[in-house]
Amino acid sequence: MQEKSTRHASTFLDDTNENINSNPGTNLDLEQISRNAHSQENQSYHLARSIATAADDRKAEDIMILHVGEISYLADYFVIVTGFSKVQVRAISQAIDAQVEEDLQRLPLRVQGQAEGSWIVKDYGDVIAHIMLPEERDFYNLEAFWGHGEQITFDSTNN
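Predicted, not measured: the structure shown is a model, and the values here were computed from it.

A.B. asks: Explain the sheet that holds strand E4 (residues 119–123) here, please?
C.D. replies: What links the strands of a sheet is backbone hydrogen bonding, and the strands pair in either a parallel or an antiparallel sense. Taken in spatial order, the 6 strands make up an open sheet running E3-E4-E5-E2-E1-E6, and their pairing is mixed. Both outer strands of the open sheet, strand E3 (110–112) and strand E6 (150–152), are each paired with one neighbouring strand and no more. Shown here is a sheet whose adjacent strand axes are inclined to one another by a mean of 15°, direction ignored. In the sheet, E3 pairs with E4 via 3 bridges, with the strands oriented antiparallel. What sits directly across from Val111, in E4, is Lys122. Packed onto the sheet, helix H3 (residues 86–104) meets strand E2 (77–82), E4 and strand E5 (127–132) and runs at close to 15° relative to E4.

Next comes the structure, spelled out in structure tokens:
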């Protein structure tokens, strides 16, 4: 029974390759695939920068952008910021919503922690924003956990 299944899968792959090779309109353009992947990466980076800028505008501190796309399937980037009160954490979260919607016409797919205000997570799919009080940031230490990702410098305009 196993042999028949294997033969069937092999025949399917042979037929697929034959169809692709005989019809030039369906050939995979690896250069185009590479360009699309690079474009997606640029969009994700632009989103991460927009989130960081919005947080900076609300006086967030210790803004860190981590490129985690090579080491995680969760997202391409994490943006981790600190707010010094629950009110400030919520204000940073709202500023991120407004900035990203204005710049990129995107809303988060999921938001956690808005009511508590000590750690708000905003999931945009390709970028995840973490807005945390200092105590939560120190305790969970996401930078150490994801530290093998590339750290991208964000220059604050509020210095």
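A.B. asks: Would you take a moment to explain the nonpolar core for this structure?
C.D. replies: Note on soluble globular proteins: their nonpolar side chains tend to be buried together. Ile51, Ile65, Val79, Val81 and Ile96 are the most contacted members of the largest nonpolar core, which has 24 residues in total. When residues of this core are traced back to their parent elements, those giving at least two are helix H2 (30–57), strand E1 (61–67), E2, H3 and E5. Not counting the four nearest positions on each side in its chain, Val79 is found in contact with Ala48, Ile51, Ala52, Met64, Ile65, Val127, Ile128, Ala129 and His130. Grouped together as the second largest cluster of nonpolar side chains are 10 residues, Val68, Phe78, Ile80 and Trp146 included.

A.B. asks: Could you clarify how one ought to interpret H3 in this entry?
C.D. replies: Think of an α-helix as turning once every 3.6 residues; residues three or four places apart then point the same way. The end-to-end C-alpha separation of H3 is 27 Å, in line with the 27 Å expected for 19 residues at 1.5 Å each. Listing the buried residues of H3 in full gives Gln88, Val89, Ile92, Ser93, Ala95, Ile96 and Val100. Projected onto a plane normal to the axis of H3, the buried residues spread over an arc of 165° and lie on a single side. Residues of H3 that are exposed and point over 90 degrees away from its buried face: Val87, Gln94 and Glu102. Just beyond H3, the residue with positive phi is Gln105, at close to 55°.

A.B. asks: I tried to follow the pairing of E2 on my own but got confused; where do I start?
C.D. replies: Two faces make up the sheet, and in a regular strand the side chains alternate between them. Among the 6 residues in E2, 6 count as buried, and that is most of the element. Burial along E2 is two-sided: the face carrying Tyr77, Val79 and Val81 and the face carrying Phe78, Ile80 and Thr82 are both buried. Sheet analysis places E1 next to E2, joined by 5 bridges and oriented antiparallel. Within the sheet, the bridge partner assigned to Ile65 lies in E2 and is Val79. Direction of pairing for E2 relative to E5: parallel, over a ladder of 6 bridges. When the sheet's bridge partners are listed, Ile80 is paired in E5 with His130.

Rules used throughout
- Residues numbered from 1 in each chain as written.
- Predicted model: local features only at pLDDT ≥ 70, side-chain atom pairs only at ≥ 80, totals over all residues.
- Heavy atoms only, no water.
- Pairing = 2+ DSSP bridges.
- Helix = DSSP H or I, 4+ residues; strand = E, 2+ residues; numbered from the N terminus.
- Axes fitted to C-alpha atoms, helices over the stretch in contact; angles between N-to-C directions.
- Contact = heavy atoms within 4.5 Å.
- Core = buried A, V, L, I, M, F, W, Y, C linked by side-chain atoms within 4.5 Å.
- Buried < 20%, exposed > 50% of the residue type's maximum accessible area, 1.4 Å probe, protein only.
- Expected span 1.5 Å × (residues − 1).
- Arc of directions from axis to C-beta.

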